[in-house]
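Listed here are the chains, written in short residue letters.
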Amino acid sequence: MVEPLAPPISPLPVTTRSRVGKTLSIVAPCFNEQEVLDLFFDRIDAEMARLGVAYEVVCVNDGSRDHTLTVLLRRHQRDPRIKVINLARNFGKETALSAGLDAATGDMIVPIDCDLQDPPELIGQFLEAWEAGADVAYGVRVDRTSDGLLKRATAQGFYRAFNKLSDVDLPYNAGDYRLMDRRVVEVLKQLPERNRFMKGLFAWVGFNQVAVPYVRPERAAGTTSFRYWKLWNFALDGITSFSSVPIRIWSYVGLIAGVLACGVAGMIVVRTLLFGRDVPGYPSLMVVILMGFGLQMLAIGSLGEYVARIYQEVKNRPLYVVMDRYGFDA
Ligand code: UDP
Ligand code: MG
């Protein structure tokens, strides 16, 4: 066993960063959030006034089917710091977030959920971490009691599987809520993939990352749009875009099955020679056939998951379509 290295005394480089003269961009993807938006902007306003830093809020309306856009535009008219991107349809949270990151102009950028599950009061702590030299300060949920038991268990299972299978380590219970320095966002913007598993991309870029613990409250209003089927697909996106283990494992499974089959074949030959022909054997045959069939289907399915994603990438379509932009110059 090699002793793990002791953590450095001061993990962050000494810098003289200051928020003075810097601007902060808050990026909020919004999908059917009409009930909560006014409260969201009020909380942001209050917090930013306290922090004394210039800011803009880039809201991405992700094809909402309620009056989210109307509410956003009303706020934009009152306060030009609130800018709105209206996507042509619902592209999903990850893509909406990418659209917002592309449009944000600040020196620091904070992606945030607008249902107030990411408490704006944390931005102050993020900012302090940034001033202390962190390029990324990310929120980590210390208790997940606002989630049901099943959601907690599946989330835990996902993190464990992801970290086993891929080279990047996702910090447990960290979401998209974080503050990133401009240079980190510039790297993110250069990543060409269409499949935007943001948590994975955030971890992949590296830089000095610092965790800030917080308790995640329930949604202020409205309902979550992430049901289990959607979360399952989200997990598949995450794992397939950061690990090739599920597609490569099948050669080994096949190899082991082949070796086992040879062993069994040998046994049968010996037994037949010693004891004569053995008529029964239907159950064991069925078991082997069905198991082999199941494994093959699984292997083909896992190929399909990757092929489908390769297909998406090679089509090379733009990530999202912007219908209107409000409050951006030029
Ligand atoms: N969201 C989005 N597009 C979607 C689904 C969600 O922009 O297709 C936004 C939503 O408005 C919210 C954030 O993503 O600001 C998180 O969504 P939600 O609260 O439904 O997810 P949960 O917090 O339950 O994981
Ligand atoms: Mg939420």
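Residues numbered from 1 in each chain as written. Chains lettered and ligands numbered in written order. Predicted model: local features only at pLDDT ≥ 70, side-chain atom pairs only at ≥ 80, totals over all residues.

### Concerning the site of ligand 1
So, point 1. For ligand 1, the set of nearby residues contains 17 residues, the closest of which are Pro-29, Phe-31, Asp-62, Asp-113 and Thr-224.
So, point 2. Only β1 (23-30) and α3 (93-103) provide two or more residues apiece to the shell around ligand 1.
So, point 3. The residue inventory of the shell around ligand 1, partitioned by class, reads six nonpolar, five polar and six charged. (Near = placed C-beta within 6 Å. Helix = DSSP H or I, 4+ residues; strand = E, 2+ residues; numbered from the N terminus. Nonpolar A, V, L, I, M, F, W, Y, C, P; charged D, E, K, R; others polar.)

### Here we look at the UniProt feature "transmembrane region" (unreviewed entry) in the chain
So, point 1. UniProt's entry tags residues 249-270 and 282-308 with the feature "transmembrane region" (unreviewed entry), counted in the numbering of this structure.
So, point 2. Helix makes up 100% of residues 249-270 and strand 0%, whereas the separation of the span's terminal C-alpha atoms amounts to 32 Å. (UniProt positions renumbered as here; feature names shortened; annotations may be inferred.)

### Remarks on helix α7 (residues 198-205)
So, point 1. Every buried residue of α7 is accounted for by Lys-199, Phe-202 and Ala-203. Each buried residue of α7 lies within a common arc of 95° when the element is viewed along its axis, so the set occupies one face.
So, point 2. Structurally, α7 contributes buried residues whose contacts are with β6 (174-181) and α8 (228-242). (Buried ≥ 20, exposed ≤ 12 C-beta atoms within 10 Å, placed from the backbone. Arc of directions from axis to C-beta. Contact = placed C-beta atoms within 7 Å.)

### Here's the deal with the domain arrangement of the chain
So, point 1. Along its sequence, the chain is organised into domain 1 (23-226 + 318-326) and domain 2 (245-315).
So, point 2. For the side of domain 1 that touches domain 2, a count of residues per class yields one nonpolar, one polar and two charged. (Domains from an automatic or database assignment.)

### Structural notes on the environment of Phe-234
So, point 1. Within the fold, Phe-234 resides in helix α8.
So, point 2. By C-beta crowding, Phe-234 is classed as partly exposed, having 17 other C-beta atoms within 10 Å.
So, point 3. The spacing of Phe-234 and Gln-117 is 117 residues in sequence and 19 Å in space, taken between C-alpha atoms.

### Details of the nonpolar core
Note that soluble globular proteins tend to have their nonpolar side chains buried in a common cluster.
So, point 1. In this structure, Ile-26, Val-27, Cys-59, Val-110, Phe-126, Ala-137 and Leu-179 are the most contacted members of the largest nonpolar core, which totals 52 residues.
So, point 2. When sequence neighbours within four positions are dropped, the list of residues in contact with Cys-59 reads Ala-28, Cys-30, Leu-72, Ile-82, Lys-83 and Val-84. (Core = buried A, V, L, I, M, F, W, Y, C linked by C-beta atoms within 7 Å.)

### Structural notes on the UniProt feature "domain: Glycosyltransferase 2-like" (unreviewed entry) in the chain
So, point 1. UniProt marks residues 25-186 with the feature "domain: Glycosyltransferase 2-like" (unreviewed entry), using the numbering shown here.
So, point 2. Each end of residues 25-186 is marked by a C-alpha atom, and these two atoms are 14 Å apart; helix forms 42% of the span and strand 23%.

### Remarks on helix α9 (residues 245-275)
So, point 1. Along its 31 residues, α9 runs 44 Å from first to last C-alpha, staying within 8% of the 45 Å computed at 1.5 Å per residue.
So, point 2. Little of α9 is tucked away, with zero of its 31 residues classed as buried. (Expected span 1.5 Å × (residues − 1).)

### A few points about the pairing of strand β4 (residues 108-111)
So, point 1. Going residue by residue along β4, you find Met-108 and Val-110 tucked away on one face and Ile-109 and Pro-111 tucked away on the opposite face as well.
So, point 2. With four bridges connecting them, β1 and β4 associate as parallel partners. Opposite Leu-24, over in β4, you have Met-108 as the bridge partner.
So, point 3. Pairing analysis gives two bridges linking β4 to β6, with the strands arranged antiparallel. Note that in β6 the partner of Met-108 across the bridge is Asp-181. (Pairing = 2+ DSSP bridges.)

### Observations regarding the packing of helix α1 (residues 37-51) against helix α2 (residues 68-78)
So, point 1. Close contact between α1 and α2 brings their axes to 10 Å; oriented N to C, the two are set at 35°. As for how α1 packs across α2, the hand of that crossing is right-handed. When α1 is examined against α2, the residues Leu-37, Asp-38 and Phe-41 are found in contact with a partner set consisting of Thr-68, Val-71, Leu-72 and Arg-75.
So, point 2. Residues belonging to the contact of α1 with α2 are distributed by class as follows: four nonpolar, one polar and two charged. (Axes fitted to C-alpha atoms, helices over the stretch in contact; angles between N-to-C directions. Left-handed = near helix turned anticlockwise from the far one by under 90°.)

### Description of the packing of helix α5 (residues 149-165) against α8
So, point 1. Close contact between α5 and α8 brings their axes to 9 Å; oriented N to C, the two are set at 15°. By the criterion of interaxial angle, the relationship of α5 to α8 is roughly parallel. For the element pair α5 and α8, the recorded crossing hand is right-handed. Counting all contacts with α5, which are made through Phe-158, Ala-161, Phe-162 and Leu-165, the residues of α8 involved are Ala-235, Gly-238 and Ile-239. (Parallel < 35°, antiparallel > 145°, perpendicular 65-115°, else oblique.)

### Observations concerning unusual backbone geometry
The bulk of non-glycine residues show a negative phi, and the bulk of peptide bonds are trans.
So, point 1. Phi at Asn-173 takes a positive value of approximately 60°, unusual for a residue other than glycine.
So, point 2. Looking at the secondary structure, you find Asn-173 in the loop between α5 and β6.
So, point 3. Classification of Asn-173 by C-beta neighbours within 10 Å gives partly exposed; the count is 18.
So, point 4. With phi around 70°, Phe-207 is a residue other than glycine that occupies positive phi space.
So, point 5. In this fold, Phe-207 is placed in the loop between α7 and β7 (209-214).
So, point 6. Overall, Phe-207 belongs to the partly exposed group, with 13 C-beta atoms counted inside 10 Å.

### A word on the sheet that holds strand β5 (residues 136-141)
By definition, the strands of a sheet pair up through backbone hydrogen bonds, in either a parallel or an antiparallel sense.
So, point 1. Pairing is mixed across the open sheet formed by eight strands, whose spatial order is β7-β5-β6-β4-β1-β2-β3-β8. Because the sheet does not close on itself, it has two edges, and the strands there are β7 and β8 (322-326). For this sheet the average axis-to-axis angle between neighbouring strands, irrespective of direction, equals 20°.
So, point 2. Inspection of the sheet shows strand β2 (residues 54-61) paired to strand β3 (residues 82-87) by five bridges, in the parallel sense.

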